[in-house]
Amino acid sequence: MLFRSQGEEGKHCNPASKGTGPAVSELYARLDQSETVVISEPPPSQCLECNTAVKAAAEFQGASEDGSKVFFLTEQELFYGDTTKNLYEYDFDNPAGHKIVRVSVGSPTPEVLGVARVSEDGSHVYFVAKGVLTEGKNAEGGEPVNGGDNLYVFERDAAHQGGRLAFVATLSEADNEDWNAVDTRPVQATPEGRFLVFQSAADLTPGDTSSEQQVFEYDALEQKLVRASAGQAGYASGSANANAHGSVIPIQRYTNVQPPTTA
């Protein structure tokens, strides 16, 4: 079970709060109803390199279905030299002293804005950052823009045990729902994380001239992006209609769900 403990900075807004909590909001995991593990402020037994002297609040971003991998954001300099907001992974399966993995690698100032989606198995995490974290262009000829809303995928599995970071596309400011802190994001991923489907108002693929929001699919294995809402190939009217009218992904809402009624 994962849970977040409200820090003293948050209790100033709640006079009813009693007792002493952590200095800042932290993430914990409860194992087998007998052990509590500190996720965002790991001791040396869990992370030998982590710096926990100066603390900053942590924000939960997602976890694998089995709970073995947890992702969180923090502005804390958890590894020496980390600045701005970074995305980290806590992996229960990693060796002792090496439980924390920095996801937003490639720049000391990644400025991570948020996570778009974590795959069910935790092997892939798609996130958006202002920093330029990779070199070179993607298959569509695009490259990260400094200060832009850059979408990346971090993959760590049997094929990439040390982790691999790839640039997907630079999104539009109008796409901020794609990395919203509240999980009503119009973004879907396959369970193993290979495919991501998302919507964007930006022109992300060659020949895309639409000024309306469109739906795109990214293949992390092939590192290729295609526009799904493009109209049938060879059907001019279909392409024209796709350009003139926006396409969206229905949002799955997990709150305020009414239980089924029985007769």
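Residues numbered from 1 in each chain as written. Predicted model: local features only at pLDDT ≥ 70, side-chain atom pairs only at ≥ 80, totals over all residues. Heavy atoms only, no water.

The next subject is the pattern of salt bridges. Where charged atoms from two side chains of opposite charge come close, those side chains can pair. Counted according to the given criterion, the structure contains 11 salt bridges. Salt-bridge contacts for D82 lead to R102; the nearest nitrogen and oxygen are separated by 3.3 Å. Of this pair, D82 sits in the loop between β5 (69-74) and β6 (86-91) while R102 sits in strand β7 (residues 100-102), and the two are 20 residues apart along the sequence. As far as burial versus exposure is concerned, D82 and R102 are alike and both buried. The closest approach of N and O atoms between D183 and R185, which form a salt bridge, is 3.6 Å. D183 gets classed as partly exposed once you look at its relative accessible area, which sits at 31%. A network of salt bridges, in which partner residues are shared, links E89, D91 and R156. (Salt bridge = Lys/Arg side-chain N within 4 Å of Asp/Glu carboxyl O. Helix = DSSP H or I, 4+ residues; strand = E, 2+ residues; numbered from the N terminus. Buried < 20%, exposed > 50% of the residue type's maximum accessible area, 1.4 Å probe, protein only.)

Looking now at the sheet that holds strand β8 (residues 112-118). Taken in spatial order, the 4 strands line up as β8-β9-β10-β11 in an open sheet, and their pairing is antiparallel. The open sheet has two free edges, formed respectively by β8 and β11 (164-171), since each of these has just one partner strand. The sheet shows a mean angle of 25° between the axes of neighbouring strands, direction not considered. (Pairing = 2+ DSSP bridges. Axes fitted to C-alpha atoms, helices over the stretch in contact; angles between N-to-C directions.)

Averaged over all residues, the pLDDT of the protein chain equals 87, while 82% of them reach at least 70. Contacts of residues 10-17 to residues separated by more than four positions or lying in other chains number 6 contacts, the stretch itself having pLDDT below 50. (pLDDT = per-residue confidence, 0-100. Contact = heavy atoms within 4.5 Å.)

Looking now at the sheet that holds strand β14 (residues 214-219). Spatial strand order, β12-β13-β14-β15: 4 strands in an open sheet with antiparallel pairing. Of all the strands in the sheet, just β12 (187-189) and β15 (224-227) have a single pairing partner and so form its edges. Each adjacent strand pair in this sheet contributes to an overall mean axis angle of 20°, direction not counted. Relative to β15, β14 is paired through 4 bridges, and the arrangement is antiparallel. Across the sheet, the residue bridging to E217 is V226, located in β15.

Turning next to the packing of aromatic side chains. Taken as a whole and judged by the stated rule, the model has 7 aromatic pairs. Centroid distance F79 to Y88: 5.9 Å. Interplanar angle 90°. Geometry classified as edge-to-face. Take Y88: its relative accessible area is 0%, and that puts it in the buried class. (Phe/Tyr/Trp six-rings, centres within 6.5 Å; stacked < 30°, edge-to-face > 60°.)

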